[in-house]
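Single-letter residue listing:
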Amino acid sequence: MSDFLSCADLVTDLSQIGVRAGDVVMVHAAMSTVGNLINGPDTLIDALLRTVGPSGTIMAYTDWDARYEALLDETGRVPAVWRDRISGFDPQRSRAVRDHGVLPEFVRTTPGALRSDNPGASMTAIGARADWLVADHALDYGYGPASPLARLVEAGGKVLMVGAPHDTMTLIHHAEHLADIPNKRIKRWAVPFAGPDGTVWRMCEEFDTSDAVAPQLDGIDYFTAIVTSHLEKGRGRQDKIGAAGSLLVDAKQMLEHAVAWLERNGR
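Residues numbered from 1 in each chain as written. Predicted model: local features only at pLDDT ≥ 70, side-chain atom pairs only at ≥ 80, totals over all residues. Heavy atoms only, no water.

(A) Just the pattern of salt bridges, in detail. Going through the model one piece at a time under the given rule, you end up with 10 salt bridges. When the shortest N-O distance is used, the salt bridge between Glu 205 and Arg 188 registers 2.7 Å. Highlighted residues: Glu 205 in strand 9 (residues 198-207) and Arg 188 in strand 8 (residues 186-195), separated in sequence by 17 residues. Residues joined in a network through salt bridges with shared partners are Asp 65, Arg 67 and Arg 98. (Salt bridge = Lys/Arg side-chain N within 4 Å of Asp/Glu carboxyl O. Helix = DSSP H or I, 4+ residues; strand = E, 2+ residues; numbered from the N terminus.)

(B) Representation of the sheet that holds strand 7 (residues 158-162). Strand order in this open sheet of seven strands is 5-6-4-2-7-11-10, and the pairing throughout is mixed. The open sheet has two free edges, formed respectively by strand 5 (114-115) and strand 10 (237-241), since each of these has just one partner strand. For strand 5 and strand 6 (residues 123-127), the ladder comprises two bridges, and the chain directions are antiparallel. Note that in strand 6 the partner of Arg 115 across the bridge is Thr 124. (Pairing = 2+ DSSP bridges.)

(C) Fine view of the packing of aromatic side chains. On inspection of all chains with the given rule, the structure shows seven aromatic pairs. Centroid distance Trp 64 to Tyr 68: 6.0 Å. Interplanar angle 50°. Geometry classified as tilted. By relative accessible area, Trp 64 is classed as buried at 11%. The class for Tyr 68 is buried, based on a relative accessible area of 6%. Look at Tyr 141 and Phe 207: their rings are 5.0 Å apart centre to centre, the planes differ by 65°, and that puts the pair in the edge-to-face class. Of the two residues, Tyr 141 is situated in the loop between helix 5 (130-134) and helix 6 (148-154) and Phe 207 in strand 9; the sequence distance between them amounts to 66 residues. (Phe/Tyr/Trp six-rings, centres within 6.5 Å; stacked < 30°, edge-to-face > 60°. Buried < 20%, exposed > 50% of the residue type's maximum accessible area, 1.4 Å probe, protein only.)

(D) Quick peek at the nonpolar core. Counting residues in each nonpolar core, the largest one holds 43 residues, and the members touching the most others are Val 159, Met 169, Leu 171, Leu 217, Tyr 222, Ile 226 and Leu 262. The greatest single-element share of this core, amounting to seven residues, is contributed by helix 9 (residues 251-265). Non-local contacts of Leu 262, meaning those with residues more than four positions away in its chain, are made with Ala 175, Glu 176, Ala 179, Ile 181, Leu 217, Tyr 222 and Ile 226. Of all hydrophobic cores here, the second largest spans 28 residues; its members include Val 25, Val 34, Leu 160 and Val 162. (Core = buried A, V, L, I, M, F, W, Y, C linked by side-chain atoms within 4.5 Å. Contact = heavy atoms within 4.5 Å.)

(E) Seen up close, the side chain of His 28. Looking at the element boundaries, His 28 is found in strand 2 (residues 24-29). A polar side-chain atom of His 28 sits 2.9 Å from a polar atom in the side chain of Thr 170. His 28 has contacts with Val 159, Leu 160, Met 161, Val 162, Ala 164, Thr 168, Met 169 and Thr 170, leaving out every residue within four places of it along the chain. (Polar contact = N/O pair within 3.5 Å; in protein donor to acceptor, adjacent residues only side chain to side chain.)

Quick look at the structure:
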């Protein structure tokens, strides 16, 4: 039985890596790497909430588990025959995307969690500043200035990667939006929203980050390169949380480094 990890074990590890009371922390996690948690992913959530305390907040990137985009035509619209068959995005009910692992959905469904209104860029947060973080999330360019990512930086927040690969750091999407580089790809597509009278379709616009944000960056694993080069400057703290090799970085420092990297390499 000694191989189990408890909430208290993870609180110790989180404190060791540098999470503090009052922090605003965006968390990414590969739960399979953390170890044998006595209450599964809820153990990590509980440990984070205990560590940041009642004045702190945790946030996770939920996105939306919608599969309808395979139906989009060349104009970014769904054929009429399908439009009435697709449920609209509902921040309170729509599931977090499964591609990001199990933790975001566990955070989203924890009592007290709030979620932002942008489907693809949606974030969920719990804690003292949760409402402020997720409020008024722009439906167009949802990784830009009117986003929870921008507010994470404004709040002096941190990004915690618990066993998660460096190329999954969502904050870099905010850097892609802010970086002054040419030829950024733009995506325009129809999005269904749940309304009181049924589904309402709206065209949305976003820098296309499904691959490189601009063609001159094609073929470059720049998320990993950005995080790695940031660490090589001696920034961030690395340690284990449970069994997972983990990383904690200051969100503002990370963002500034990412924007500078993209502008230097994306021209």
